[in-house]
Amino acid sequence: MTTIAPEETAREAVFDATVAADERIEPRDWMPDAYRSSLVRQIAQHAHSEIIGMQPEANWITRAPSLRRKAILMAKVQDEAGHGLYLYSAAETLGAGRDELLDKLHSGRQKYSSIFNYPTLTWADVGAIGWLVDGAAITNQVPLCRCSYGPYARAMIRVCKEESFHQRQGYELLLTLSRGTDAQHAMAQDAVNRWWWPSLMMFGPPDDESAHSAQSMAWKIKRHSNDELRQRFVDICVPQAEALGLTLPDPDLRWNEERGHWDFGPIDWAEFREVLKGNGPCNEERIGRRRRAHEEGAWVREAAAAHAARKARNAARTAGTGEATR
Amino acid sequence: MTTARPSGTSTPSAAAASPADTGAGAAPHPADWPLWEVFVRSRRGLSHTHAGSLHAPDAEMALRNARDLYTRRSEGVSLWVVPSAQITASSPDEKDEFFEPAGDKPYRHPTFYEIPEGVHHL
Amino acid sequence: MTQRTATPALPLGDDALILSHRLGEWAGNAPVLEEEVALANIALDLLGQARVLLSLAGDEDELAYLREERQFRNLQLVEQPNGDFAHTIARQLYFSTYQELLYAHLATGDGELAPLAAKAVKEVAYHRDHAEQWTLRLGDGTDESHTRMQRALDALWRFTGELFEPVEGLDTVPWPALYDRWTARITAILERATLSVPEGPQRGAWTAGGGRQGLHTEPFGRLLAEMQHLHRSHPGATW
């Protein structure tokens, strides 16, 4: 244990007061080490989820069944790359470089959302991801727009604004299938059956088992508990499923008058833990593809860096600073 | 002030971060591109506003990447990119010296002055 | 289906459609995240152009999803597989330089393609700039990138002669002049990038025609199989 210097205590008091007053912590403010590392962990995981999350949907870009759908899907996958970039940018304000975070992703030292380890087997999965996965993500993300760390909150505002079309396009896609031919309807129902439970797992373990929740709530990085958000999501989805003409695969789903919420059946946390451990259907493929893209792109990044360095040397030589003679 | 990076400076926040989180001291890989801050003018008549950052090998590519990343929904009519390392920021620890002295000079604001009722265009 | 197969909107629409499809294959595979966004932007511009052009020729989805390989009129250049990033950039450089010159010409006329060309030429100017920026960096980057870029330019050179075959319905286009300007631009940018203009022939050894006549290269059949399979598996369905 190190002794805490008086100025440290004073800084901590300023930090606590700022958070308590619902003001934002900004990059150069003093902050507790644990706050910083907790944020880096969360923002990095979020950024990784965006870029790994491109893969299951990109899987269908070349097979999209109409040109309109193809344009929508391409724009959506592009947004996910953009959102990853906004989030890496937020993490950099904490001193965590993007290359370093990508290294941690590629070597498995940092995680991404387990949901992306499930495969997209049919076109309807693109719709189910938009409706359920993006829906769950938005439920999680909207409170993050008020997160105590300024750059993260600002990135989330931008992300949420852009993502509003993501969920809608998914819902519209499923609605078209549900009202289409029998084969299309069956495709939509099958996708919802497969994506429903993994979507509920996206909110993380139950509150009494969540390792980081309590501290994150105190720091106002998180605003609501996992179980609260999960319940909110179920309540939103039930009437939406009905309007789609599709059912949710849970026999225990029923309205609870007393609670004013929908009751739902037990979640298979064993599956969640297995996927988290790396034993999901696509863990290997997802990380493998990401690593491959990064490795195969190394010569491109090196070329651009070498070109920039040469240009800078030439400019210095022209300016006569002697820089070029080093 | 929000744009300044702790890395590469000797600010207390950088010093307080654990090396594991900041990568402090790690030599940049030859393929690592520097960080640029992006400022967007959303329409004529407004100032450029900080939008975020990105990586690019040089200024030309930074500008193009900024166009693709930060204005793909028609958010801008003009862009600036600035190497993050080139920004000098005030330190939060100096905020009292920097900003408090301005707080007790209300005579710089028009609301400080009382004007009789019925006087217009003032 | 009602189709106007004689309209020049069809070959130009097919160019944009197929190149957009190839660029879409990069999603999740780009060498750096910023480039994911850039390549998708170009792909989306091209897909937008394709949809307008194909709609001038008939129903966009019927044309995209229900024609056979021999009915497509796109250039062989745009159907070539992505290869490494250098191949994609070389393909972009050759095509966008051509497309910018062609569309700039069409934009000044009063044909049915003029409004589309006037809008698209701005998009395409950006695509050409993107390709040139990367050509410079790869050509004048590292030894490896220089070698890869030169190899890509050489490999795709034999598909560039076809760009200047007169297109039916585009009678006002001065094709030889277009070719000269294209050659001058390509030469200038390759010189700046310390690369050489390829020396081989600009077309294949057989002269039976090319993409504009519906004769394509082998990878094109697989591209269509992938693109069309879902749509064709559900005849008459809406999506």
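Residues numbered from 1 in each chain as written. Chains lettered and ligands numbered in written order. Predicted model: local features only at pLDDT ≥ 70, side-chain atom pairs only at ≥ 80, totals over all residues. Heavy atoms only, no water.

Colleague: Before we go on, may I ask you to explain the interface of chain C and chain A in this structure?
Modeller: It is common to report an interface's size as the accessible area lost on association of the parts. Taken together, the 48 residues of chain C in the interface contact 44 residues of chain A. Between chain C and chain A, roughly 4,000 Å² of surface is buried when both sides are summed, and carbon and sulfur atoms account for 66% of that area. When the buried area of chain C at its contact with chain A is split by residue, C:Leu33, C:Leu230 and C:Trp239 rank highest and sum to 19% of it. Here chain C and chain A share 2 salt bridges between them. Connecting chain C to chain A are 17 residue pairs in polar contact (both at pLDDT 80 or more). Sorting the residues of the side of chain C that touches chain A by element identifies α1 (9-24), α2 (33-57), α3 (60-65), α5 (85-108), α6 (114-139), α7 (143-157) and α9 (218-233) of chain C as the ones contributing at least two each. No other element matches α2(C), which puts 11 residues into the side of chain C that touches chain A. Of the residues assigned to the side of chain C that touches chain A, the class counts are 23 nonpolar, 13 polar and 12 charged. (Contact = heavy atoms within 4.5 Å. Buried area = accessible area lost by both parts, 1.4 Å probe. Salt bridge = Lys/Arg side-chain N within 4 Å of Asp/Glu carboxyl O. Polar contact = N/O pair within 3.5 Å; in protein donor to acceptor, adjacent residues only side chain to side chain. Helix = DSSP H or I, 4+ residues; strand = E, 2+ residues; numbered from the N terminus. Nonpolar A, V, L, I, M, F, W, Y, C, P; charged D, E, K, R; others polar.)

Colleague: Just checking my understanding: could you explain a negative patch on the surface for this structure?
Modeller: All names here are of chain B. Together, Glu94, Asp96, Glu97 and Glu100 make up a negatively charged patch on the protein surface. Mapped onto the secondary structure, Glu100 falls in the segment after α4 (95-99). The class for Glu100 is exposed, based on a relative accessible area of 56%. (Patch = residues over 30% accessible without salt bridge, like charges linked within 9 Å, V, L, I, M, F, W, Y side chains within 5 Å. Areas by Shrake-Rupley, 256 points an atom, 1.4 Å probe, with all protein chains shown as cover. Lys, Arg positive; Asp, Glu negative; His and termini not counted. Charge placed at Lys NZ, Arg CZ, Asp CG, Glu CD. Buried < 20%, exposed > 50% of the residue type's maximum accessible area, 1.4 Å probe, protein only.)

Colleague: What exactly am I supposed to notice about unusual backbone geometry here?
Modeller: Residues and elements named next belong to chain A. The phi angle at Asp22 is positive, at roughly 65°, despite the residue not being glycine. Counting through the fold element by element, Asp22 comes out in the loop between α1 (6-20) and α2 (33-52). When its relative accessible area of 39% is taken as the criterion, Asp22 is described as partly exposed. Phi at Lys220 takes a positive value of approximately 60°, unusual for a residue other than glycine. Along the chain, the position of Lys220 falls in the loop between α9 (213-218) and α10 (226-244).

Colleague: Please clarify how the packing of aromatic side chains should be interpreted in this entry.
Modeller: Two aromatic rings are characterised by how far apart their centres lie and by the angle between their planes. Counted by the stated rule, this structure contains 25 aromatic pairs over all chains. Ring plane angle 55° and centroid distance 6.3 Å describe the contact between B:Phe39 and B:Trp80, whose orientation is recorded as tilted. On the criterion of sequence distance, the pair formed by B:Phe39 in strand β1 (residues 35-41) and B:Trp80 in strand β3 (residues 78-83) is long-range, its members being 41 residues apart. Residue B:Phe39 is classed as buried on the basis of its relative accessible area, which comes to 16%. Centre to centre, the rings of C:Phe85 and C:Trp134 are 5.2 Å apart; their planes meet at 90°, and the pair counts as edge-to-face. Of the two residues, C:Phe85 sits in helix α5 while C:Trp134 sits in helix α6, which places them 49 residues apart along the sequence. (Phe/Tyr/Trp six-rings, centres within 6.5 Å; stacked < 30°, edge-to-face > 60°.)

Colleague: For this particular structure, what's the right way to read the environment of B:Arg44?
Modeller: Here B:Arg44 shows up in the loop between β1 and β2 (48-55). Counting along the chain gives 31 residues from B:Arg44 to B:Glu75, while the straight-line C-alpha distance between them is 12 Å.

Colleague: What exactly am I supposed to notice about a nonpolar patch on the surface here?
Modeller: All names here are of chain B. A cluster of nonpolar side chains, contributed by Tyr107, Phe112, Tyr113, Ile115, Val119 and Leu122, occupies part of the molecular surface with about 670 Å² of accessible area. The topology assignment puts Tyr107 in the segment after α4. For Tyr107, a relative accessible area of 44% translates into the label partly exposed.

Colleague: Any chance you could explain the pattern of salt bridges here in plain terms?
Modeller: A pair can form between side chains of opposite charge whenever their charged atoms are brought close. Taken as a whole and assessed by the stated rule, the structure comprises 38 salt bridges over all chains. Of the charged contacts, one joins C:Asp140 and A:Arg310 as a salt bridge, the two residues approaching to 2.6 Å between their closest N and O atoms. Here C:Asp140, found in the loop between α6 and α7, pairs with A:Arg310, found in helix α13 (residues 298-319), and the two come from separate chains. In this structure A:Arg310 comes out as partly exposed when scored by relative accessible area, which is 26%.

Colleague: Is there a simple way to think about the confidence of the model for chain B in this case?
Modeller: The predicted coordinates ought not to be read in detail in places where the model reports low pLDDT. Averaged over all residues, the pLDDT of chain B is 77; the fraction at 70 or higher stands at 75%. For this predicted complex, the interface confidence score (ipTM) comes to 0.96, while the overall pTM stands at 0.91. (pLDDT = per-residue confidence, 0-100.)

Colleague: I tried to follow the packing of helix α4 (residues 67-92) of chain A against helix α7 (residues 150-178) of chain A on my own but got confused; where do I start?
Modeller: The relative placement of two packed helices comes down to the angle between their axes together with the axis-to-axis distance. Residue and element names in this part refer to chain A. Viewed as axis vectors pointing N to C, α4 and α7 meet at an angle of 160°, and their least axial separation amounts to 10 Å. By the angle class used here, α4 and α7 are roughly antiparallel. The hand of the α4/α7 crossing is left-handed. (Axes fitted to C-alpha atoms, helices over the stretch in contact; angles between N-to-C directions. Parallel < 35°, antiparallel > 145°, perpendicular 65-115°, else oblique. Left-handed = near helix turned anticlockwise from the far one by under 90°.)

Colleague: Would you mind showing me how to read the pairing of β1(B) here?
Modeller: On any regular strand, side chains alternate: one points to one face of the sheet, the next to the other face. Residue and element names in this part refer to chain B. Of all 7 residues in β1, 6 are buried, a share of seventy percent or more. Bridging between β1 and β2 involves 7 bridges; their strand directions are antiparallel. Looking at the pairing, Val38 lines up with Gly52 of β2. Count of turn residues in the β1/β2 antiparallel hairpin: 6 residues, of which Gly45 carries a positive phi of about 95°. Of the pairings in the sheet, the one linking β1 to β3 comprises 6 bridges and is antiparallel in character. Considered in β3, the bridge of Trp36 is made with Pro83. (Pairing = 2+ DSSP bridges.)

Colleague: Would you mind going over the nonpolar core with me for this structure?
Modeller: Among soluble globular proteins, nonpolar side chains are generally buried collectively. Within the largest apolar cluster, 188 residues are counted, with the highest numbers of intra-cluster contacts made by A:Trp123, A:Trp131, A:Tyr149, C:Leu17, C:Leu102, C:Tyr103 and C:Leu138. When residues in this core are grouped by element, the largest group, 13 residues, is from α4(A). Discounting residues that sit within four places of it in the chain, A:Tyr149 has contacts with A:Arg24, A:Ile25, A:Glu26, A:Pro27, A:Met31, A:Tyr35, A:Leu39, A:Ile43, A:Ala90, A:Thr93 and A:Leu94. (Core = buried A, V, L, I, M, F, W, Y, C linked by side-chain atoms within 4.5 Å.)

Colleague: Just to check I follow, could you spell out empty space enclosed by the protein for this structure?
Modeller: The rolling of a water-molecule-sized probe over the atoms marks out the regions of remaining empty space. All chains considered together, the criterion is met by 3 cavities of 30 Å³ or more. If you add up the space inside the largest cavity, you get close to 120 Å³. In terms of lining residues, the largest cavity is bounded by 13 residues, among which A:Arg98, A:Asp99, A:Leu102, A:Arg301 and C:Val32 are the most central. Residue assignment for the lining of the largest cavity shows that the elements contributing at least two residues are α5 (98-106) and α12 (283-296) of chain A. With 3 residues, the top contributor of residues to the lining of the largest cavity is α5(A). (1 Å grid on protein atoms, 1.4 Å probe; cavity = no way out; pocket = protein on both sides within 12 Å on 5 of 7 lines; lining within 4 Å. Points joined across faces, edges and corners; volume = space filled by probe spheres on them.)

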